[in-house]
Number of protein chains: 2
Amino acid sequence: MKDGNFAVAQSGGPTAAINATLCGVIEGAFSCGKKIYGARNGIFGVVNDDFAELNPIFADMNNLQLLKNTPSAYLGSCRYKLPDPDSDSEVYETVFANFEKHNIKMFIYIGGNDSMDTVNKLSAYSIKHNKGVSVVGVPKTIDNDLMGTDHTPGFGSAAKFVATSVSEIARDCAVYADKSITIVEIMGRNAGWLTAASALSRSSTTRAPHLIYLPEKPLSVSKLIDDVKNSNVRNMVIAVSEGIVDENGEYYSNMECLAGHDEFGHAQLSGSAKVVENILKKEFGRKTRSVELNVTQRCSSHFASLTDLNDSVSIGKAGANAALDGESGIVMGYSRNDDNTFSIIKNKVSYVANREKKVPDNFSAENGCDVTGEFIDYCLPLIIGEPEIVTENGIPKHISLKLN
Amino acid sequence: MKDGNFAVAQSGGPTAAINATLCGVIEGAFSCGKKIYGARNGIFGVVNDDFAELNPIFADMNNLQLLKNTPSAYLGSCRYKLPDPDSDSEVYETVFANFEKHNIKMFIYIGGNDSMDTVNKLSAYSIKHNKGVSVVGVPKTIDNDLMGTDHTPGFGSAAKFVATSVSEIARDCAVYADKSITIVEIMGRNAGWLTAASALSRSSTTRAPHLIYLPEKPLSVSKLIDDVKNSNVRNMVIAVSEGIVDENGEYYSNMECLAGHDEFGHAQLSGSAKVVENILKKEFGRKTRSVELNVTQRCSSHFASLTDLNDSVSIGKAGANAALDGESGIVMGYSRNDDNTFSIIKNKVSYVANREKKVPDNFSAENGCDVTGEFIDYCLPLIIGEPEIVTENGIPKHISLKLN
């Protein structure tokens with residue numbers, strides 16, 4: 001077991017399960033009597049020596065339970081890419097000076113594929129400069145687009161929220177006798193995992209969504225119109241990814257206005273459903289509306305997947321244990337067992353960082369507007385079970401480092 | 001006790017509790033061994049002789065329990081205003097011929113203020129033409145804008161969903177170190193009840209929403225900008241009604257495009273949050289985004305208010321009992337007891353139909369951007385408790401008359 005203290009930070013977009021993973025890291029540190037610091041706002045907290053001591057807060061088990069069911073990032077987040085250490089080493093020197101100041105020898109970074117770039121660079125720097133800090137990445141993202149893992153912590157809860165919301169929206173659509181079209185826009189820039197998960201809405205009472213469009217499959221406007229024409233459904237529900245593209249690779253959301261780019265160079269998208277709404281309204285003249293699930297799909301925790309939350313705790317704990325064992329430059333992941341439970345595995349961070357895992361061909365239907373049974377079999381186990389929610393004054397009780 | 005059979009129908013926009021009220025009506029009919037028909041798509045079902053026999057379906061208590069937790073209108077809905085019977089009596093003759101055909105002597109109509117117009121006209125026609133049909137209205141609307149009742153069935157569940165979602169969105173907003181503004185758009189055309197309910201999001205971990213704008217209080221663009229300027233909040237959350245207006249009574253949503261009208265002459269609105277977003281983005285240059293809760297606030301039942309659901313069952317049952325007692329031309333309502341439980345009362349339908357109850361002055365703060373403690377005391381009891389949700393394949397199980 002390594003000497004020294006722990007630090008942990010969270011990075012990237014919020015999820016319903018990223019705090020469950022933080023729970024697991026804290027439990028891992030506690031189980032061997034370690035001190036653990038939480039860096040505020042991701043790697044910025046380390047750079048700015050802005051740490052919260054987590055031991056006194058989470059000695060109270062009730063707080064740990066609240067943390068597990070609190071959405072978004074308890075420690076705050078950031079979107080920041082470290083510079084190349086060979087051309088700009090200043091920030092690295094600051095980071096490791098602050099680690100040394102607090103005797104931090106194990107650093108757990110919970111984040112998505114951009115955040116794993118940080119794990120990659122810090123662990124390489126630590127080795128090269130003999131700093132003796134174990135740097136371990138634990139994945140999170142509702143996008144499910146990380147390499148080297150069956151799925152990502154946070155995806156199951158978002159998938160459950162999307163499927164539940166679509167099933168409720170389908171009921172809302174079904175009440176009127178007139179024909180209608182409802183388009184639901186779902187997150188997932190370049191990977192359609194979460195949009196695909198809308199298929200889990202289907203049950204004995206609804207076949208909605210009747211059409212599903214993923215960003216992996218280019219969709220011409222004429223095919224879109226034909227698909228709607230060929231679907232004999234009175235109250236149609238269409239699930240579209242925010243990032244659907246036409247046959248020329250042009251984003252639907254760009255058809256009306258030019259979008260900007262974030263600092264990782266990703267296109268900032270919005271409004272693919274609105275564009276589809278306008279196309280179909282003009283073509284069919286029916287009542288047509290669009291619903292953007294927006295940030296609620298990543299921050300709603302009141303109906304999270306218990307499977308996701310429990311597995312998120314486990315992977316956090318495993319990350320802490322790997323760091324304790326002196327491992328570094330790795331990212332934790334899940335592998336699937338035959339009974340659809342999951343074992344925790346480790347990947348080299350270079351295999352994960354800056355790469356995206358798209359929805360493979362065997363998961364998207366040949367007709368270009370649906371998913372396959374294979375995808376349903378893959379996704380269903382991830383959304384099973386509901387946590388017990390502690391409420392106060394009728395709404396879920398959360399825990400927070402500061403009052404906002 | 002009156003002879004004959006029951007009919008029941010649902011009308012207007014969906015809610016999470018309108019089927020709980022249907023449950024109550026069915027229970028009321030069952031408890032005295034009556035036959036009960038469900039008219040499909042509101043009054044249209046009666047006109048078109050399109051009835052479902054509810055006794056065989058709901059003899060199974062499990063189905064009745066599922067119905068209580070299924071959102072939206074099980075029987076379908078309509079938005080249809082009956083003509084003046086003196087100028088056009090044909091539809092009335094059809095309605096009462098179909099009632100007679102099935103020996104229907106009690107008709108329960110569950111709906112909002114427009115639907116109560118139907119109750120008013122049908123009961124008056126029945127009396128005038130000696131048809132002997134008891135016509136009783138049972139209210140429902142997430143808008144809470146009906147006269148003669150402490151609150152409306154369905155409002156509590158929508159209020160709970162809004163407060164919960166805003167508290168989760170507030171957590172999502174709080175993660176980044178940069179200043180930001182998030183605008184949440186909430187339903188309520190002319191009455192700000194549901195927008196006001198966003199205040200129930202406030203807890204020991206968040207003061208969000210930091211500003212609340214109701215349609216009852218005109219808001220000039222300069223006051224909006226001043227309010228934001230004066231609020232010293234890093235990650236600001238602003239709750240706006242879809243129907244907020246400026247000092248000239250102009251809808252914010254009309255500032256960019258002209259909206260149409262539905263057949264009751266109501267302006268069709270959308271996008272007040274988007275307009276506010278654009279105003280504040282231009283003024284402050286901070287990260288600014290808007291979230292439209294859209295139809296999910298009226299059709300989400302997976303975190304409904306148990307108080308609302310139970311009281312919705314009771315008011316449906318009371319409506320059935322009133323019809324059995326031969327009462328007609330009335331609308332059921334709630335009156336509040338000292339201990340914040342509710343007793344069921346009756347109003348003459350003419351007192352309720354076609355009228356709107358707005359948020360009174362003592363519920364909205366003098367600063368024009370908040371609610372009062374009096375409003376919190378009023379609203380809080382309505383959102384308490386959560387139903388036990390039966391799930392199938394990880395999502396809530398619903399019941400449906402037909403596969404959509």
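Cut-offs applied
- What you see as residue numbers is a count from 1 along each chain, following the sequence as written.
- Chain letters and ligand numbers both follow the written order, the letters beginning at A and the numbers at 1.
- With pLDDT at 70 or above as the cut-off, local features in this predicted model cover only qualifying residues; side-chain atom pairs require 80 or more to be listed or tallied, and sums for whole chains, interfaces and linings still use all residues.
- Remark: hydrogens and water are excluded; side-chain values derive from all non-hydrogen atoms of the structure.
- Note on pairing: two strands pair once DSSP finds at least 2 bridges between them.
- Each helix is a run of DSSP H or I of at least 4 residues and each strand a run of E of at least 2, with the numbering of both proceeding from the N terminus.
- Between the N-to-C directions of two axes lies an angle of 0 to 180 degrees, each axis being a line fitted to C-alpha atoms and, for a helix, fitted only over the stretch in contact.
- It only takes one pair of heavy atoms within 4.5 Å for two residues to be counted as in contact.
- Burial status follows relative accessibility: with a 1.4 Å probe on protein chains alone, a residue under 20% of its type maximum counts as buried, one over 50% as exposed, and anything between as partly exposed.
- Note on terms: buried area is the combined drop in 1.4 Å-probe accessible area of two parts once they are placed together, counting the loss on both.
- We count a salt bridge whenever a side-chain nitrogen from Lys or Arg sits within 4 Å of a carboxyl oxygen from Asp or Glu.
- Contacts described as polar in this section are N or O atom pairs within 3.5 Å, which, within protein, must combine one atom able to donate a hydrogen with one able to accept it, while residues neighboring in sequence count only if both atoms come from side chains.
- Alignment of the copies relies on least squares applied to C-alpha atoms, considering only residues that score at least 70 for pLDDT in both.
- An angle below 35 degrees is read as roughly parallel, one above 145 as roughly antiparallel, one from 65 to 115 as roughly perpendicular, and any other as oblique.
- Put simply, Ala, Val, Leu, Ile, Met, Phe, Trp, Tyr, Cys and Pro go in the nonpolar bin, Asp, Glu, Lys and Arg in the charged bin, and everything else, Gly too, in the polar bin.
- All domain edges in this entry derive from an automatic or database-based domain assignment.
- Per residue, pLDDT measures the predictor's confidence, with a range of 0 to 100.
- Put simply, two rings from Phe, Tyr or Trp (the six-membered ring, in Trp's case) pair if the centres are within 6.5 Å, and we call them stacked under 30 degrees between planes, edge-to-face over 60, tilted for the rest.
- As a reminder, the over-ring test applies to NZ of lysine and CZ of arginine, requiring each to be within 6 Å of the ring centre and within 35 degrees of the ring normal.

Trainee: Explain the sheet that holds strand β9 (residues 287-292) of chain A here, please?
Mentor: Sheets are built from strands that pair by backbone hydrogen bonding, the pairs being arranged parallel or antiparallel. Residues and elements named next belong to chain A. Strand order in the open sheet formed by four strands is β7-β8-β6-β9, with parallel pairing between adjacent strands. The open sheet has two free edges, formed respectively by β7 (211-213) and β9, since each of these has just one partner strand. Across the sheet, the mean angle from the axis of one strand to that of its neighbour is 15°, orientation sign disregarded. Looking at chain direction, strand β6 (residues 180-186) and strand β8 (residues 235-241) are connected through seven bridges and run parallel. For isoleucine 181, the partnering residue across the bridge sits in β8 and is methionine 236. Contacting β6, β7 and β8, helix α9 (residues 221-230) runs over the sheet at an angle of about 160° to β7. Those strands touched by helix α10 (residues 272-284) are β6, β8 and β9, and its axis lies near 165° from that of β6.

Trainee: Looking at this structure, I do not really get the pairing of β6(A). What am I missing?
Mentor: Each regular strand carries side chains that alternate between the two faces of the sheet. Residues and elements named next belong to chain A. When you tally the buried positions in β6, you get seven out of seven residues, the bulk of the element. The alternating pattern of β6 places Ser180, Thr182, Val184 and Ile186 and Ile181, Ile183 and Glu185 on opposite faces, both of which are buried. The sheet contact formed by β6 and β9 spans six bridges and is parallel. Across the sheet, residue threonine 182 finds its bridge partner in β9, namely arginine 289.

Trainee: Which parts of the structure should I look at to understand the sheet that holds strand β8 (residues 235-241) of chain B?
Mentor: All names here are of chain B. In space, the four strands of this open sheet follow the order β7-β8-β6-β9, with parallel pairing throughout. With partners counted over all chains shown, the strands left at the sheet margins are β7 (211-213) and β9 (287-292), one partner each. Geometrically, the sheet is characterised by an average inter-axis angle of 15° between neighbouring strands, direction not taken into account. Set on the sheet, helix α7 (residues 155-173) makes contact with β6 (180-186), β8 and β9; between it and β6 the angle comes to about 165°. Lying over the sheet, helix α9 (residues 221-230) contacts β6, β7 and β8, oriented at roughly 160° with respect to β7.

Trainee: Looking at this structure, I do not really get the interface of chain B and chain A. What am I missing?
Mentor: One frequent convention defines the size of an interface as the accessible area lost when the parts assemble. With 67 residues of chain B at the interface, the matching set in chain A holds 67 residues. Summing the contributions of chain B and of chain A, the shared interface buries around 5,300 Å²; its carbon and sulfur component is 55%. Taken together, the links from chain B to chain A amount to two salt bridges. A salt bridge links Asp172(B) to Arg298(A), with the nearest nitrogen and oxygen atoms 2.7 Å apart. At the junction of chain B with chain A, the criterion picks out 35 residue pairs in polar contact (both at pLDDT 80 or more). Put simply, the parts of the chain that give the side of chain B that touches chain A at least two residues each are α7, β9, α11 (296-299), β12 (391-392) and β13 (395-396) of chain B.

Trainee: Mind showing me how you'd approach the relation of the copies chain B and chain A here?
Mentor: Think of it as a corkscrew move, a rotation about one axis and a shift along it, taking one chain copy to the other. The transformation that overlays chain B on chain A combines an axial shift of 0.0 Å with a rotation of 180°, and the residual RMSD is 0.0 Å. Such a combination of turn and shift is consistent with a two-fold rotation axis. By residue overlap, the copies meet face to face through one surface: 100% of the interface positions of chain B are interface positions in chain A.

Trainee: Quick question: what am I supposed to make of the packing of helix α5 (residues 90-101) of chain A against helix α6 (residues 113-128) of chain A here?
Mentor: Two measures define how a pair of helices packs: the angle their axes make with one another and the distance between the axes. All names here are of chain A. Running from amino to carboxyl end, α5 crosses α6 at an angle of 75°, the nearest separation of the two axes being 11 Å. In terms of their interaxial angle, α5 and α6 are classed as roughly perpendicular. Each of Tyr92, Glu93, Val95 and Phe96 in α5 lies in contact with α6, whose residues at this interface are Lys121, Leu122, Tyr125 and Ser126. Looking at side-chain class alone, the contact of α5 with α6 contains five nonpolar, one polar and two charged residues.

Trainee: Would you mind going over the environment of Glu27(A) with me for this structure?
Mentor: Residues and elements named next belong to chain A. Mapped onto the elements, glutamate 27 comes out in helix α1 (residues 18-30). Distance in space between the C-alpha atoms of glutamate 27 and glycine 316 is 8.5 Å, their sequence separation being 289 residues. With sequence-adjacent residues up to four places away left out, glutamate 27 is seen in contact with Leu64, Val313 and Lys317.

Trainee: Would you mind showing me how to read the domain arrangement of chain A here?
Mentor: All names here are of chain A. Partitioning chain A into structural domains gives domain 1 (5-141 + 301-355 + 384-396) and domain 2 (155-299). Computed over C-alpha atoms only, the centres of domain 1 and domain 2 are separated by 32 Å. Counting from both sides, the interface comprises 18 residues of domain 1 and, opposite them, ten residues of domain 2. Around 1,300 Å² of area is buried between domain 1 and domain 2 when both sides are counted, 54% of it from carbon and sulfur atoms. Looking at the side of domain 1 facing domain 2, the largest losses of area belong to Arg79, Asp114 and Phe303, adding up to 37% of the total buried there. Counting across the domain 1 and domain 2 interface gives one salt bridge. Here glutamate 386 makes a salt bridge to lysine 160, at a shortest N to O gap of 2.8 Å. Counting the contacts that link domain 1 with domain 2 gives six residue pairs in polar contact (both at pLDDT 80 or more).

Trainee: Looking at this model, I keep getting lost on the confidence of the model for chain A. Mind explaining?
Mentor: Caution applies to low-pLDDT regions: their predicted coordinates should not be interpreted in detail. Residues and elements named next belong to chain A. Per-chain confidence: chain A averages 94 in pLDDT, with 96% of residues scoring 70 or above. Within the model, the stretch residues 257-263 combines pLDDT values under 50 with twelve contacts to residues more than four positions away or in other chains. Among the scores for the predicted complex, ipTM is 0.95 and pTM is 0.96.

Trainee: Hey, could you run me through the packing of aromatic side chains in this one?
Mentor: This model, assessed by the stated rule, comprises 30 aromatic pairs over all chains. Here Phe44(B) and Tyr80(B) contribute two aromatic rings whose centre-to-centre distance is 5.0 Å and whose plane-to-plane angle is 35°, an arrangement assigned as tilted. Taken together, the positions of Phe44(B) in helix α2 (residues 43-47) and Tyr80(B) in the loop between α4 (61-68) and α5 (90-101) put the pair 36 residues apart, joining distant regions of the chain. When its relative accessible area of 31% is taken as the criterion, Phe44(B) is described as partly exposed. Taking 5.5 Å as the distance between ring centres and 85° as the angle between the ring planes, the aromatic pair formed by Phe96(B) and Phe99(B) counts as edge-to-face. You can see Phe96(B) and its partner Phe99(B) sitting in helix α5, three residues apart, about one turn around the helix. Neither residue differs from the other here; Phe96(B) and Phe99(B) are each classed as buried. Through pairs of rings, three or more aromatic residues link up here, namely Tyr92(A), Phe96(A), Phe99(A), Phe107(A), Tyr109(A) and Tyr125(A). Across from the ring centre of Phe303(A), 5.0 Å away, lies the NZ or CZ of Lys160(A), which sits over that ring. Residue placement shows Arg355(B) over the ring face of Tyr351(B); its charged tip is 4.8 Å from the ring centre.

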